[in-house]
Amino acid sequence: MLEFVFNAKKRKDDVVKVVVFRDKKDWTDEKLAKNVGLPTMTALMKIANNENFKPEGEACLKLYVGVTPYILFHLAEDNPLKSGKKLYGIIKKYMNADIYMAGVKEDVLEKFLLGIENANYSFDKYCTKKKAEDFDKLETVNVIGAKKPNVEKIA
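Below: a short report on this structure. (Residues numbered from 1 in each chain as written. Predicted model: local features only at pLDDT ≥ 70, side-chain atom pairs only at ≥ 80, totals over all residues. Heavy atoms only, no water.)

1. A look at the pattern of salt bridges
Move 1: As enumerated under the stated definition, the model contains two salt bridges in all.
Move 2: One salt bridge in this structure joins aspartate 98 and lysine 17, with 3.1 Å as the shortest N-O distance. Pair noted here: aspartate 98 is in strand β5 (residues 96-100) and lysine 17 is in strand β2 (residues 15-21), with a separation of 81 residues, a long-range link.
Move 3: Between aspartate 26 and arginine 22 there is a salt bridge, with its nearest N and O atoms 2.8 Å apart.
Move 4: Owing to a relative accessible area of 3%, aspartate 26 belongs among the buried residues under this scheme.
Move 5: Under the relative-accessibility criterion, arginine 22 is labelled partly exposed at 21%. (Salt bridge = Lys/Arg side-chain N within 4 Å of Asp/Glu carboxyl O. Helix = DSSP H or I, 4+ residues; strand = E, 2+ residues; numbered from the N terminus. Buried < 20%, exposed > 50% of the residue type's maximum accessible area, 1.4 Å probe, protein only.)

2. Structural notes on unusual backbone geometry
Move 1: In this model, asparagine 52 sits at a positive phi of 55°, which is unusual for a non-glycine residue.
Move 2: In this fold, asparagine 52 is placed in the loop between α2 (38-50) and β3 (60-65).

That's the geometry; what it means functionally is another story.
The structure is reproduced here in structure tokens:
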């Protein structure tokens, strides 16, 4: 079962770091830069500019800073449930994910995380032919920079 942890400490084990943007203004958000780390955020933005990354739709850019995988992901606030499902498809192969975000409204955050949780669900009781490596690995999602929404279904 997928577990959501809010404002947990950063991990270094089998983790993908996801930086979620709503628009280009978030690229200069001080809180987001502080949570990610200013040198890392600067490196990410430099690479994003070089790659012509545009935060629109559910745009996604996968890159590495050192040996750590990072994903720049645009949260489409008009359809956060769909954005959550798309992000889950990208991060499900990792054991853990740290999601950094800033300034996301509570109702948008709820739907975004619900999209991740819905995409995680599968009824596998009678799937006897699946091998262990065919199942998703994602166990824990740390949400950094956002308050825990008031929803019982999410963590």
